[in-house]
Amino acid sequence: MMGAQTTGDFLVVRVMQILIRLYNKEHLSKAELALEYGVSERTIQRDIMQRLESLPIAKDELGRYYLKDTNLLKTSKDDLNKLAALFGLSSFPTKLSDDFINMLLSSPISPLKSQNYEAVCNLDSFEILSKAIMEQKIIKAIHNEKARVLKPYKLINHLGVWYLLATYNDEIRTFTMYKLKAIVVTNEKFIPDENVLKNIKEQKHFFATSLEEKEVVLEVNGFAREYFLYRKILANQEIISKDKDKLILSTKISLDEELLSTIWQFIPYVKILAPKELALKNENIIKEYLGYLKT
């Protein structure tokens with residue numbers, strides 16, 4: 001029986017993801033990490049400067065954290081007690097096994113797109129599916145009471161819900177993670193489809209593939225400007241123009257909600273310029289919410 005997740009579980013998942021990204025030679029912004037993981041910048045600073053203080057972490061010219069030596073931990077990663085002490089914890093939660101943690105550190109394949117760690121609803125399934133992705137093994141499972149044979153590619157988060165991105169009968173599909181039952185990882189490996197990998201890299205939208213995409217133009221200013229300038233916050237994001245005060249950028253969406261749920265995190269620093277009907281829809285939703293707060 002799966003037990004309730006604790007703050008310690010979430011802490012380990014967050015710090016493990018940060019560690020893996022550092023070992024992948026990413027340069028990480030404290031402000032961006034805080035927004036992504038839903039914690040304060042002070043918490044992120046504590047993760048990096050205290051829980052990872054034994055590592056040679058430095059800052060680049062933009063103030064982003066990076067790892068100067070990515071080989072240091074690999075010499076001692078089998079010693080889980082030292083690794084746990086590195087995070088300021090007495091031990092890792094039993095839900096994240098020793099083998100799984102070692103595999104995360106050594107695998108050249110990342111099983112998930114970076115998302116809010118708090119949305120992981122079942123760490124057992126999370127570990128099983130992540131292993132299958134990293135090992136490129138076909139899985140069998142029940143989804144919506146139907147048996148499926150799947151080739152798993154990524155775990156992704158959409159509007160707070162985790163999904164498995166996989167191919168089923170050679171068609172790319174998304175499967176709600178908590179609806180996947182009786183998951184079995186087979187010994188049969190698969191060769192990833194290059195077109196699927198390309199779509200993932202380009203952050204294609206997988207939730208409404210039958211719908212026609214539409215272009216949206218946004219104006220971004222204030223503190224949000226830096227987020228959108230140095231990182232692709234939105235799928236298919238392209239900068240049209242920029243100056244020291246604001247950005248004008250475009251993106252393509254299939255569902256309004258996939259955009260609105262993201263830009264609401266940056267209110268009041270993002271404005272929809274086009275299409276006008278989406279700008280009006282966004283304005284009305286915000287007005288309704290403000291009215292609700294007054295009641």
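Structure first, text after, so check above.
These notes cover the structure that comes with them. Model, not experiment: these values are computed from the prediction.

Rules used in this analysis
- Residues numbered from 1 in each chain as written.
- Predicted model: local features only at pLDDT ≥ 70, side-chain atom pairs only at ≥ 80, totals over all residues.
- Heavy atoms only, no water.
- Patch = residues over 30% accessible without salt bridge, like charges linked within 9 Å, V, L, I, M, F, W, Y side chains within 5 Å.
- Areas by Shrake-Rupley, 256 points an atom, 1.4 Å probe, with all protein chains shown as cover.
- Salt bridge = Lys/Arg side-chain N within 4 Å of Asp/Glu carboxyl O.
- Helix = DSSP H or I, 4+ residues; strand = E, 2+ residues; numbered from the N terminus.
- Buried < 20%, exposed > 50% of the residue type's maximum accessible area, 1.4 Å probe, protein only.
- Pairing = 2+ DSSP bridges.

### Details of a nonpolar patch on the surface
Line of reasoning, step 1. A cluster of nonpolar residues, Y289, L290, Y292 and L293, forms a patch on the protein surface that exposes about 470 Å² of accessible area.
Line of reasoning, step 2. Structurally, Y289 can be placed in helix 10 (residues 276–294).
Line of reasoning, step 3. Y289 gets classed as partly exposed once you look at its relative accessible area, which sits at 48%.

### Brief notes about the pairing of strand 8 (residues 214–221)
Two faces, one strand: in a regular strand the side chains alternate between the faces of the sheet.
Line of reasoning, step 1. Sheet analysis places strand 8 next to strand 10 (residues 246–253), joined by eight bridges and oriented antiparallel. Counted as the bridge partner of E219 is I248 from strand 10.
Line of reasoning, step 2. Note: strand 8 against strand 11 (residues 270–274), four bridges, orientation antiparallel. Note that in strand 11 the partner of E219 across the bridge is K271.

### Structural notes on unusual backbone geometry
Line of reasoning, step 1. Cis geometry is found at the peptide bond from I267 to P268, where omega equals 10 degrees.
Line of reasoning, step 2. Summarising the element assignment, P268 is placed in the loop between helix 9 (256–263) and strand 11.
Line of reasoning, step 3. At the junction of A274 and P275, the peptide bond is cis and its omega measures out at 0 degrees in the coordinates.
Line of reasoning, step 4. Examined against the element boundaries, P275 turns out to sit in the loop between strand 11 and helix 10.
Line of reasoning, step 5. Even without glycine at this site, Q136 takes up a positive phi of about 55 degrees.
Line of reasoning, step 6. For Q136, the position within the fold is in the loop between helix 6 (123–135) and strand 3 (137–143).
Line of reasoning, step 7. A positive phi is found at N144, a non-glycine position, where the angle reads about 55 degrees.

### Notes on the pattern of salt bridges
Line of reasoning, step 1. Under the defined criterion, the tally for this structure stands at seven salt bridges.
Line of reasoning, step 2. Note that K131 and E127 form a salt bridge whose closest N and O atoms lie 3.7 Å from each other. With K131 and E127 both in helix 6 and four residues apart, the pair spans about one turn of that helix.
Line of reasoning, step 3. Taking relative accessible area as the criterion, E127 reaches 10% and is therefore assigned buried.
Line of reasoning, step 4. Between K244 and D245 there is a salt bridge; the shortest N-O distance is 3.4 Å.
Line of reasoning, step 5. Relative accessible area serves as the criterion here: at 70%, K244 is assigned to the exposed category.
Line of reasoning, step 6. Residue D245 is classed as partly exposed on the basis of its relative accessible area, which comes to 45%.
Line of reasoning, step 7. Within this structure, K214, D256 and K281 form a network of salt bridges that share partners.

Nothing here speaks to function; it is geometry throughout.
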